[in-house]
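# What the coordinates show
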Amino acid sequence: MKPPITDLEFRALAEKCQEGTATEAEIKAFDEAYELLLNRHTSWDADLMGEKAAVRNEMYEGLFDQLHDYKRKNKIFSMGRYLSAAAILIIVGISAYFFLNNVNPQDQKVAAAIVPGSNTATLTLADGRKINLTDATNGAIVEQAGIQITKSADGQLQYKVHGTEVAENQSTTYNTIATPGGGQYQVILPDGTKVWLNALSSLRFPMSFISLSERKVELTGEAYFEVEKDKAHPFKVITEGQEVQVLGTHFNINSYKDEGAIKTTLLEGSVKVLSTYTAKGMKPAEVIIKPGEQAILNKQGIAVIKKDVEQVLDWKEGDFIFQHESLKEIMNKIGRWYNVKVIYDDDVNTALTFSAQISRSKAITEILKNLESTGEVKFEIMGSTIKVRKN
């Protein structure tokens, strides 16, 4: 009997076959090992192999990437050979997939339960009623004091004045929209201002601005604002430790507590950023920032830097864009979007920096695999927790 082929030997043979440099003897050795793998599992074992749809999707992505590479390299012989192998792999050879990718089938099953975020939020009305916007039907969902609230199919909540029923002397009532971990949502406020909420964020706002001298909202987490112009009624965004004053402009505020600072980034117009911290000995601070600038505020004061706005708004456009970001910052974003807890081994350097761009719709395993490819860290998925280890 021939000795069993090792993982490294099998990978080396596969690489040679893919590159078209394998000898006839090496091709035969690869085929024999491949056939052995195919014969291990001739039917789908969900407990062993994980969710069939999730595995199939990942396999298809990998196979299409391989075929794209072969077309680009004009490797006709290899391509024909691997088209046949791909067909067998999709239908029967799941064990070969796990073997080649060094994937623990049980880990694959656990990771499949972690999915990217989606349009989901909860609306809390002034009277305390809560509406799950994921479950609510599209169209008009509620009417309050002359304001009609409607929900669209693409994750948008809109406030509209219904007729002339909103009185100027009416008392101010507030609604709050909040996103969970793995959620995002857009709301169009009664004045026409558009707000995009990132995961684990909330916005408290008046149901009507008609009787108010200023348009004031309260934010936790992260949001992007496109403020409707109204010179007579300034727009203010209040976060813990900061107030932003604008008339009509586009800007992003990141006020997550685990980030250690509040970051306000301007796209167009101008905004005034004021510190409202009242720590002993701290002087009031304020700055006016211009497009392409970011104000970074903490209890020590405010710093202004130039910033790539495309990177700041990556979340709104459906991407992760990391530009020399620390491991801690990156894993904070991943944790919020995939709604997972992140823990670290004691020897992990969370200040390590990485640069990458990848879609937020990708499976979490693909995101983590990209980070692991640097050779600096590795990850273990345990239910809804990701453990970060030093490589």
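Quick look at the structure, then. (Residues numbered from 1 in each chain as written. Predicted model: local features only at pLDDT ≥ 70, side-chain atom pairs only at ≥ 80, totals over all residues. Heavy atoms only, no water.)

Turning to the overall build of the protein chain, a few remarks are in order. Counting its regular elements, the protein chain contains 10 helices and 25 strands. Across the 391 residues of the protein chain, 42% fall into the buried class. Within the protein chain, counting contacts between residues at least 6 apart in sequence, those at least 24 apart form 52% of the total. (Helix = DSSP H or I, 4+ residues; strand = E, 2+ residues; numbered from the N terminus. Buried < 20%, exposed > 50% of the residue type's maximum accessible area, 1.4 Å probe, protein only. Contact = heavy atoms within 4.5 Å.)

Before going further, it helps to examine the nonpolar core. In terms of nonpolar packing, the biggest core is built from 40 residues, with Ile 177, Leu 203, Phe 225 and Phe 251 touching the most fellow members. Non-local contacts of Phe 251, meaning those with residues more than four positions away in its chain, are made with Ala 223, Tyr 224, Phe 225, Val 227, Val 237, Val 244, Val 246, Thr 265, Leu 266, Leu 267 and Val 271. Formed by 23 residues, the second largest nonpolar core is a distinct cluster that contains Leu 327, Met 331, Tyr 338 and Phe 354. (Core = buried A, V, L, I, M, F, W, Y, C linked by side-chain atoms within 4.5 Å.)

Quick look at the pattern of salt bridges now. According to the stated counting rule, one finds 17 salt bridges in the structure shown. Connected via shared salt-bridge partners are Glu 214, Lys 216, Lys 236 and Glu 243. (Salt bridge = Lys/Arg side-chain N within 4 Å of Asp/Glu carboxyl O.)

Taken as a whole, this structure holds 2 cavities of 30 Å³ or more when the rule is applied. Approximately 40 Å³ is the volume attributed to the second largest cavity. Those elements that provide at least two residues to the lining of the second largest cavity are β23 (353-359) and α10 (364-372). Sorting elements by how many residues they give to the lining of the second largest cavity places α10 first, with 3 residues. For the lining of the second largest cavity, the residue count by class is 5 nonpolar, 1 polar and no charged. (1 Å grid on protein atoms, 1.4 Å probe; cavity = no way out; pocket = protein on both sides within 12 Å on 5 of 7 lines; lining within 4 Å. Points joined across faces, edges and corners; volume = space filled by probe spheres on them. Nonpolar A, V, L, I, M, F, W, Y, C, P; charged D, E, K, R; others polar.)

Read across the open sheet, the 9 strands follow the order β3-β2-β7-β10-β11-β13-β14-β17-β18; overall the sheet is mixed. Only two strands of the sheet have a single partner each, and these edge strands are β3 (130-132) and β18 (286-289). Strand-to-strand twist in this sheet, taken as the mean axis angle between neighbours without regard to direction, amounts to 20°. The pairing of strand β17 (residues 271-275) with β18 spans 4 bridges and is classified as antiparallel. Paired with Leu 274 across the bridge in β18 is Glu 286. (Pairing = 2+ DSSP bridges. Axes fitted to C-alpha atoms, helices over the stretch in contact; angles between N-to-C directions.)

Quick look at the packing of aromatic side chains now. Under the definition given, this model contains 6 aromatic pairs. Their ring planes at 85° and their centres at 5.2 Å tell us that Tyr 159 and Phe 205 sit as a pair that is edge-to-face. Of the two residues, Tyr 159 sits in strand β6 (residues 156-161) while Phe 205 sits in strand β10 (residues 202-206), which places them 46 residues apart along the sequence. Of the two residues examined, Tyr 159 and Phe 205, each falls in the buried class. Taken together, the aromatic side chains of Phe 225, Phe 235 and Phe 251 make up a single cluster linked through ring pairs. Sitting over the face of the ring of Phe 320, Arg 360 holds its NZ or CZ atom 5.9 Å from the ring centroid. For the cation-ring pair, Arg 360 lies above Trp 337, with the distance from its terminal atom to the ring centre recorded as 3.6 Å. (Phe/Tyr/Trp six-rings, centres within 6.5 Å; stacked < 30°, edge-to-face > 60°. Lys NZ or Arg CZ within 6 Å of the ring centre and 35° of its normal.)

With that settled, the discussion passes to the sheet that holds strand β24 (residues 377-382). Here we have 3 strands laid out as an open sheet, ordered β22-β25-β24, and mixed in their pairing. Two strands bound the open sheet, and with one partner strand each, they are β22 (341-344) and β24. Adjacent strand axes in the sheet meet at a mean angle of 25°, parallel and antiparallel pairs treated alike. Both β22 and strand β25 (residues 385-390) contribute to a ladder of 4 bridges, which runs parallel. Note on β25: the bridge partner recorded for Lys 341 is Thr 385. Strands β22, β24 and β25 of the sheet are contacted by helix α9 (residues 327-338), whose axis makes an angle of about 155° with β22. Contacting β24 and β25, α10 crosses the sheet at an angle of about 155° to β24.

Here Val 377 is to be found in strand β24. Of the residues examined, Val 377 reaches a relative accessible area of 1% and is grouped as buried. In the structure, Val 377 is positioned 14 residues away from Asn 391 in sequence and 4.6 Å away in space, judged by C-alpha atoms. With sequence-adjacent residues up to four places away left out, Val 377 is seen in contact with Leu 327, Leu 352, Leu 371, Glu 372, Val 388, Arg 389 and Asn 391.

Even without being a glycine, Leu 200 presents a positive backbone phi close to 50°. Looking at the secondary structure, you find Leu 200 in the loop between β9 (194-197) and β10. Although it is not a glycine, Asn 339 sits at a positive phi angle of roughly 55°. If you trace the backbone, Asn 339 turns up in the loop between α9 and β22.

Next up on the list: the pairing of strand β5 (residues 147-152). The pairing of strand β4 (residues 139-144) with β5 spans 5 bridges and is antiparallel. In the sheet register, Glu 143 faces β5, and the bridge partner there is Gln 148. Hairpin geometry of β4 and β5 is characterised by an intervening segment of 2 residues between the two adjacent antiparallel strands and by a positive phi of about 45° at Ala 145. Two strands pair when backbone bridges link them, and β5 and β6 are joined in this way by 6 bridges, in the antiparallel orientation. Counted as the bridge partner of Ile 149 is Tyr 159 from β6. The antiparallel pairing of β5 with β6 creates a hairpin that spans 3 residues between the two strands, and Gly 155 there sits at a positive phi of about 75°.

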